[in-house]
Structures are given as structure tokens and as C-alpha cells.
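# Survey of secondary and tertiary structure
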Amino acid sequence: MAQKIAYQGEPGANSNIACMQMFPQLDSVPCASFEDAFELVSSGEAELAMIPIENSIAGRVADIHILLPQSHLQIVGEFFLPIHFDLLGIPGSTIEAATEVHSHIHALGQCRRLIREAGLRPVIAGDTAGSAREVREWNDPTKLSLAPPLAAEIYGLEVLASRVEDDPSNTTRFVVLAREKELPTREELPGPAVTSFVFRVRNVPSALFKALGGFATNGVNMTRLESYMVGDEFAATMFMVDVEGHPEDLPLRLALEELDFFTTEVRILGVYPAAEFRTAQTVTA
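Residues numbered from 1 in each chain as written. Predicted model: local features only at pLDDT ≥ 70, side-chain atom pairs only at ≥ 80, totals over all residues. Heavy atoms only, no water.

## Some thoughts on the domain arrangement of the chain
- Per the domain assignment, the segments of the chain are domain 1 (4–83 + 170–179), domain 2 (86–161) and domain 3 (193–283).
- Put simply, the middle of domain 1 and the middle of domain 2, counted by C-alpha atoms, are 24 Å apart.
- Taken residue by residue, the interface counts 14 residues in domain 1 and 12 residues in domain 2.
- Interface area for domain 1 against domain 2, summed over the two sides, is near 880 Å², with a carbon-plus-sulfur share of 56%.
- It is Glu10, Pro11 and Gly12 in domain 1 that bury the most area against domain 2; as a group they hold 47% of the surface buried on that side.
- The interface formed by domain 1 and domain 2 contains one salt bridge.
- The salt bridge partner of glutamate 10 is arginine 133, with a shortest N-O separation of 2.6 Å.
- Our count for the contact surface shared by domain 1 and domain 2 stands at four residue pairs in polar contact (both at pLDDT 80 or more). (Domains from an automatic or database assignment. Contact = heavy atoms within 4.5 Å. Buried area = accessible area lost by both parts, 1.4 Å probe. Salt bridge = Lys/Arg side-chain N within 4 Å of Asp/Glu carboxyl O. Polar contact = N/O pair within 3.5 Å; in protein donor to acceptor, adjacent residues only side chain to side chain.)

Listed below in C-alpha cells is the structure:
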């Protein structure tokens, strides 16, 4: 039986593309929600899940910062996908005759130039690929979809314009999740690594400044720091962090030891290989 990787969205979505590009040997399984994708992995029905965590334009993906720590799944990899959108319609449709364009709210926001120039009315859909499926089902030449190129193949739509996103550098970072296991040792992960963790600071003055000081003094590069509230207490703030390095590396080990002094909770979400996209960006910079 083929192994499976779960993703949120409909066939043809960017998450589906990320699964196919990183794990072409696995069966990609669409899920209606992130919770459903997490559950497939937790229950053993799927080996992995591909979850978007942040976008270079739209920022963090809503709810993931809360769902991920609660899932008790482990980050075992990352993948960066350049995001491209095509303007799709049923066979025989034209941009000139269209009046509406349907897609996810972020896709509509990332293709404003085309929408404005074509004089189309944007209509929010739950999913980019789902909007392509709906346009196919409606069979109405006045309704178009903004969706990834794969959606055109799956739903039999014509590409009326390709790569219509406003910013060609638009990129989404995904994390690959698996059931929890022992974190890989430095010997098992000899190359560039990323460590992701969450922490809660003590309720004392300058706690965050002091908690982060160890990363600066030990020369640890922090590539992501986001705060979010937990529960219904506005004083309880959690932070989600990505840093370059492995916990066994001396600089990161010292930084994490110092972090313990100023926090009430620290939990490592995963230690995993840095994606080639990340290392290439570092070299270029």
C-alpha cells in the first residue's frame, strides 16, 4: 500500500503541488481542514502532512500557530513553493466577456493588477482549486477562476492568462509534519538545520528582551519570531520561533539554556534539514 501525505484544500491547490514536488512517490490526500490533515497523521492513516505556515506577502497562515503546538505532531521538514496563479475559464471563454473572478481571498489580493485591468468583480471562494472546480461546474463563460496551473489540468479549464500574480517573488513556506519521535541527533542531521520551538515568557519586566538575549550573544540566527495569545488571558503570550542550527550545536545549546531562565515553558516542535531554498537565499545574501 502506498504511503500517504495529507494536505488542506482541494486537488490542484498549492498544497497539493507542494506534496507532489517534494514527495512524488507518496499519494496526496486532500482534507477539508487543517485539523483533518493533522488527524490523518495522528491516527496513522497518513504518514505525513504538508501544511503552509507562512507566505512572503500575506504573512503567517491563520490558526497554524495555535493548531501546531496542540497537535503533538513533529516538524520533520520544510518546503518553499513559488506561488503562481493562472486565470482560468471554461473552454471558449474570454477575458473580455467575463465579469467575475473567483478565488481564495489571498489569491485575489495577490492579483489585484489583473483584476483591475480586466474590470472583473472579485468573488471570495474558500479555496483556489475549489474555485476552479466551481467554475467548471457552473459552465458559465462570465465566471473565471484564479488558481494554480495544476487546477486547469484537473478540472479541464482553459488558461486565459498565466502567472498573473502581482509579485513574482511570492513564496509560501510549508512544514512537513509526522507523528512524534525522537529528535534527530547532530550525527543523523549533519547539514544545515532548522530548530522550531514555542516558549512562554515569565510575567516580569523585560522578560522577552532577556529571553532573546542569549540568541544574540551566541550568534544564533533567528529567522522567525511570532507572538500569539493563548486561552482567554491577554497576559499569557506564547512565541513561535525558528532558528538556524541544531540544539546540539554549542551556540544554540547555550542560547536555549539561557532561555530557560526567563520562561515558564519551552517546547521544541522539530529539528529538521534546512530546505535548499533557504540555504540558497543565505548564500545569495
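Having put the structure on the table, let's press on.
## Topic: the packing of aromatic side chains
- Enumeration over the complete set of coordinates arrives at four aromatic pairs.
- Each ring, one from phenylalanine 80 and one from phenylalanine 277, has its centre 4.8 Å from the other, and the planes form 15 degrees; the classification is stacked. Within this pair, whereas phenylalanine 80 is found in strand S5 (residues 73–82), its partner phenylalanine 277 is found in helix H10 (residues 276–284), the two being separated by 197 residues in sequence.
- Seen from their ring centres, phenylalanine 197 and phenylalanine 199 are 6.2 Å apart, and the 35 degrees between their planes marks the pair as tilted. (Phe/Tyr/Trp six-rings, centres within 6.5 Å; stacked < 30°, edge-to-face > 60°. Helix = DSSP H or I, 4+ residues; strand = E, 2+ residues; numbered from the N terminus.)

## As for the nonpolar core
- Met50 and Leu146 are the most contacted members of the largest nonpolar core, which has 30 residues in total.
- Counting residues per element, the ones that place at least two in this core are strand S1 (4–8), helix H1 (14–22), strand S3 (48–55), S5, helix H4 (105–109), helix H5 (112–118), strand S9 (143–147) and strand S11 (171–179).
- No fewer than three residues from each of domain 1 (4–83 + 170–179) and domain 2 (86–161) sit in this core.
- Counting 27 residues, the second-largest nonpolar core is a separate cluster that includes Ala6, Val61, Leu67 and Leu73. (Core = buried A, V, L, I, M, F, W, Y, C linked by side-chain atoms within 4.5 Å. Buried < 20%, exposed > 50% of the residue type's maximum accessible area, 1.4 Å probe, protein only.)

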